[in-house]
Amino acid sequence: MKLTLVRHTSVDVPKGLCYGITDVPLAETFRNEMEQIRKKLGMGTFDAVFSSPLSRCTKLATGIVPESDFRIDHRLTELNFGNWEMLQWESFYESDEGKIWYSDYVNNRCPNGESFADLLGRTDFFLADLQKTNFKRVLVVTHAGVIRALMCLIQHKTPQEAFQTPLEYGQIVNFNFEK
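Rules of the game
- Residues numbered from 1 in each chain as written.
- Predicted model: local features only at pLDDT ≥ 70, side-chain atom pairs only at ≥ 80, totals over all residues.
- Heavy atoms only, no water.
- Core = buried A, V, L, I, M, F, W, Y, C linked by side-chain atoms within 4.5 Å.
- Buried < 20%, exposed > 50% of the residue type's maximum accessible area, 1.4 Å probe, protein only.
- Helix = DSSP H or I, 4+ residues; strand = E, 2+ residues; numbered from the N terminus.
- Contact = heavy atoms within 4.5 Å.
- Polar contact = N/O pair within 3.5 Å; in protein donor to acceptor, adjacent residues only side chain to side chain.
- Phe/Tyr/Trp six-rings, centres within 6.5 Å; stacked < 30°, edge-to-face > 60°.
- Lys NZ or Arg CZ within 6 Å of the ring centre and 35° of its normal.

1. Describing the nonpolar core
One recurring pattern in soluble globular proteins is that nonpolar side chains are buried together. Ranked by size, the top nonpolar core spans 37 residues in total, and within it L3, F50 and L130 carry the most contacts. Of all the elements in the fold, those that place two or more residues in this core are strand 1 (2-7), strand 3 (48-51), helix 5 (116-131), strand 6 (137-142), helix 6 (144-155) and strand 7 (172-176). If one sorts the elements of this core by residue count, helix 6 sits on top with 8 residues. Non-local contacts of F50, meaning those with residues more than four positions away in its chain, are made with R71, L76, F126, L130, F135, V138, L139, V140 and V141.

2. Regarding the environment of D23
One can find D23 in the loop between strand 2 (17-18) and helix 1 (30-41). Along the primary structure D23 and S55 are separated by 32 residues, whereas in three dimensions their C-alpha atoms are 6.4 Å apart. If we skip the residues at most four places from it in the chain, D23 touches L54, S55 and R56. At a separation of 2.8 Å, a polar atom in the side chain of D23 contacts the side chain of S55.

3. Focus on the packing of aromatic side chains
For any pair of aromatic rings, the description consists of the separation of the ring centres together with the inter-plane angle of the planes. Counting across every chain of the model gives 12 aromatic pairs. Measuring from centroid to centroid gives 6.0 Å for F81 and W101, while their planes differ by 80 degrees, and the two rings are edge-to-face. Taken together, the positions of F81 in the loop between strand 4 (71-72) and strand 5 (87-88) and W101 in helix 4 (residues 96-103) put the pair 20 residues apart, joining distant regions of the chain. Taking the centre distance of 6.4 Å and the plane angle of 25 degrees together, the rings of W89 and W101 count as stacked. A residue pair is termed long-range when its members are at least 10 positions apart, and W89 in helix 3 (residues 89-93) and W101 in helix 4 qualify at 12 residues. Look at W89 and you get partly exposed, because its relative accessible area is 28%. Here the aromatic residues F81, W84, W89, F92, Y93, W101, Y102, Y105, F116 and F163 are joined through ring pairs into a cluster of three or more. When the ring centre of Y169 is taken as origin, the NZ or CZ atom of R7, which lies over that ring, is 4.2 Å away.

Take a look at the structure:
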């Protein structure tokens, strides 16, 4: 199965803001970014299109295929940063809780949020469900965290390797996912 992942387009939030599961607005450049993504994807068809439920993904998915042609899947939502949602990263980086999380973000949960292991788990359930289908080509509109989780699950990268991989807004990543 060819799995095509698209990270959502640029968001309209201050630089350095932690916004994980918060439904933030898109930047004014959305239409131009969407058109660039559509051109890169070409005229190919997909057996299925999935999207995170957050509007920064559903708006892009709607720009690629009609709304009735994609499925919302909550497992494709970005990492839940809990109490740190909508705070500047620097505001909690040096805190005791921040130091604990940063020392092992894979296993330690954000206060009232998730760990990367939690994100890996729900992403793995999504892949397990895909394995039960006959899809040959699947498009997923999602977030950098989910794409990094898929790098770990499909490409067997370590979380550290996945987080060292730059993922730009609107970036397209392709995987061959063997059943």
